[in-house]
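Below are the chains, spelled out letter by letter.
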Amino acid sequence: MEKLKIGLFGIGHNHATAAITTLKARPDVEIVGLYEPSHEMLAKKLAEAPSLYGDIPVMTAGQLLDCGITAAMVEASVPELVGMATLCAEHGLHVHMDKPAGTDLAAYKRFLDIAEQKKLVFQTGYMYRYNAGVRYLLDKVHRGDLGRVYNVTATMSTKHPQWFKRQLVGYNVKSPDMFIFGGHLIDLVLQVKGSPKSIAHFEGRSDSDGIDFADTALAVLAYDDGIATVKASSVEVNGWGLREFTVYGENGTISISPIENPMKIKETTLSEQEPWKDRYREISIVEEGRYDVMMQEFVQMITGQIPYDVDFRHEYLLQKLTLEAVSYTHLRAHETLANLV
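Trainee: Could you clarify how one ought to interpret the side chain of E244 in this entry?
Mentor: On the secondary structure map, E244 appears in strand β10 (residues 244–249). For the buried residue E244, which engages in no salt bridge, the nearest side chain bearing the opposite charge is K231, 7.7 Å off. At 2.8 Å, the side chain of E244 forms a polar contact with the side chain of T153. Looking at E244, its side chain comes within polar contact range of the side chain of T246, at 2.7 Å. Excluding residues within four positions of it along the chain, E244 makes contact with T153, A154, T155, S255, I256, S257 and I259.

Trainee: I'm lost on helix α5 (residues 81–90) in this one. Help?
Mentor: Along an α-helix, residues three or four apart share an orientation, since each turn contains 3.6 residues. α5 sits mainly inside the fold: seven of its 10 residues count as buried. The inward-facing, buried residues of α5 contact β1 (4–9), β2 (29–35), β3 (71–74), β4 (94–97) and α6 (105–117). Where α5 ends, the next residue or the one after it, G92, has phi of about 80°, a positive value.

Trainee: What is the right way to read the sheet that holds β10 from this model?
Mentor: Strands belonging to one sheet form pairs held by backbone hydrogen bonds; the direction of such a pair is parallel or antiparallel. Spatially, eight strands are ordered β7-β8-β9-β6-β10-β11-β12-β13 in an open sheet, and the strand pairing comes out mixed. Each edge of the open sheet is held by one strand with a lone partner, namely β7 (198–204) and β13 (281–283). Ignoring which end each strand starts from, the neighbouring axes of this sheet average 15° apart. Where strand β8 (residues 216–223) meets strand β9 (residues 226–233), eight bridges bridge the pair, whose relative direction is antiparallel. Residue pairing across strands places Y223 opposite G226, the latter belonging to β9. Helix α11 (residues 312–325) contacts β7 and β8 of the sheet and is inclined by roughly 45° relative to β7.

Trainee: Any chance you could explain the nonpolar core here in plain terms?
Mentor: What tends to happen in soluble globular proteins is that the nonpolar side chains get buried as a cluster. Counting residues in hydrophobic clusters, the biggest one holds 109 residues, and the most contacted among them are F9, V74, M97, F111 and F245. If one sorts the elements of this core by residue count, helix α9 (residues 176–193) sits on top with 10 residues. Contact partners of V74, with chain neighbours within four places excluded, come to F9, L81, M84, A85, C88, V95, H96, M97 and D98.

Trainee: Sorry if this is basic, but what is going on with the sheet that holds β3 here?
Mentor: On the basis of which strands lie adjacent, the open sheet formed by five strands has the order β2-β1-β3-β4-β5 and parallel pairing. Both edges of this open sheet fall to β2 and β5 (122–124), since each of them pairs with a single strand only. For this sheet the average axis-to-axis angle between neighbouring strands, irrespective of direction, equals 20°. Sheet analysis places β1 next to β3, joined by three bridges and oriented parallel. Considered in β3, the bridge of G7 is made with A72. On top of the sheet, α5 reaches β1, β2, β3 and β4; it is set at about 170° to β4, its chief contact.

Trainee: Hey, could you run me through the packing of aromatic side chains in this one?
Mentor: Given two aromatic rings, one states the distance between the centres and the angle between the planes to describe the pair. Scanning the model with the defined rule gives five aromatic pairs in all. Measuring from ring centre to ring centre gives 5.5 Å for W163 and F164, while their planes differ by 80°; the resulting arrangement is edge-to-face. For F164, a relative accessible area of 11% translates into the label buried. Among the aromatic side chains, those forming a connected cluster through ring pairs are Y108, F111 and F122. Here the guanidinium or amino end of K193 rests over the ring plane of Y223, the centre of that ring lying 4.9 Å away.

Trainee: Is there a simple way to think about the pairing of β1 in this case?
Mentor: By the criterion of burial, β1 is predominantly enclosed, with five of the six residues buried. Direction of pairing for β1 relative to β2: parallel, over a ladder of six bridges. Pairing of L8 across the sheet is with L34, part of β2. In this fold, the crossover linking β1 to β2 by way of helix α1 (residues 16–24) has right-handed handedness.

Trainee: Where do I start with the state of the cysteines in this structure?
Mentor: As used here, a disulfide is simply a covalent bond connecting the sulfur atoms of two cysteines. This model, assessed by the stated rule, comprises zero disulfides. With no disulfide partner, C67 has as its closest neighbouring cysteine sulfur the one in C88, 11 Å distant. For C67, a relative accessible area of 26% translates into the label partly exposed.

Trainee: Honestly, unusual backbone geometry in this entry has me stumped. Any pointers?
Mentor: Leave glycine aside and you will find that most residues have negative phi; peptide bonds, for their part, are mostly trans. Geometrically, the link from K99 to P100 is a cis peptide bond, its omega value of -5° lying close to zero. Relative to the assigned elements, P100 resides in the loop between β4 and α6. The linkage connecting N261 with the following residue, P262, adopts the cis geometry, with an omega of 0°. Assignment of secondary structure puts P262 in the loop between β11 (252–256) and β12 (265–269). Unusually for a residue other than glycine, N261 sits at a positive phi of about 45°. Locating N261 in the fold gives a position in the loop between β11 and β12. Taking the relative accessible area as the measure of exposure, N261 reaches 51% and is therefore exposed.

Rules behind the numbers
- Residues numbered from 1 in each chain as written.
- Predicted model: local features only at pLDDT ≥ 70, side-chain atom pairs only at ≥ 80, totals over all residues.
- Heavy atoms only, no water.
- Helix = DSSP H or I, 4+ residues; strand = E, 2+ residues; numbered from the N terminus.
- Buried < 20%, exposed > 50% of the residue type's maximum accessible area, 1.4 Å probe, protein only.
- Lys, Arg positive; Asp, Glu negative; His and termini not counted.
- Salt bridge = Lys/Arg side-chain N within 4 Å of Asp/Glu carboxyl O.
- Polar contact = N/O pair within 3.5 Å; in protein donor to acceptor, adjacent residues only side chain to side chain.
- Contact = heavy atoms within 4.5 Å.
- Pairing = 2+ DSSP bridges.
- Axes fitted to C-alpha atoms, helices over the stretch in contact; angles between N-to-C directions.
- Core = buried A, V, L, I, M, F, W, Y, C linked by side-chain atoms within 4.5 Å.
- Phe/Tyr/Trp six-rings, centres within 6.5 Å; stacked < 30°, edge-to-face > 60°.
- Lys NZ or Arg CZ within 6 Å of the ring centre and 35° of its normal.
- Right-handed = clockwise from strand over helix to strand, strands pointing away.
- Disulfide = S-S within 2.5 Å.

Below, the structure written as structure tokens:
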């Protein structure tokens, strides 16, 4: 079996080690080398996971681009993601890029345009897209089983340690929780409800651990027939266990909470519900590894085992709305929400 040759471009992302571990375990993949622009980050990662990174040749960007690879796994630190992905796309490489896609929307659009023009496979690291429970819910929505969908609620919170909060502050955006975590949920809302009429942002500052930043954020996406709420927070004890994605339709409701580890799905149809009672069925679905399906589909799309299916418009709108959800103000005047609806 001929293996797909992949290069690692940056390994500073928080999800890098877990995602690369999953990729490296695939028998149909050869990781040819890695490029990490920061010597400090490279040393840190090598010390943290010597068995993972120790046998992968370290190269310059030029060497890695010129060694016969077909695809790039871009797991750089968040501010470097788009620039590194653009470099790879310019060289004709298929790209898996972690998230979020930075704060320069124009730069991200340029990357997307290059990838689309070259018909490159592009996959972002929004792992809930590949979650078995989420896919069950989305399939029900798209088949029309829930009827017209009115409202969506989504939460992605936890009680972050001090070191992680300081990292969030370093992203230099309002509501960094929403910037880092909210995109996961806005991604799902868009797949259920499409583009909103408007988006409103609210935030709170707890001053927990003496770190002054907006550590709780809420985005409200408005539609003619309902709303979607997306919340992200760093101060919720057992927030992980209450991470939620719930869709309320005219014919039923499906709720996933927790979303993973463990995944728990509750479903109620209109005929089963009672207005003042809790009625639901638990749906049993095998929970797969967080990155297993993601990495499998990245490889299979490149090798033609599954159809080419990249929605560049969705990727752009997702990042734009994520920036709007953190009240980012440097969007160009012509990049208004109305122009995308």
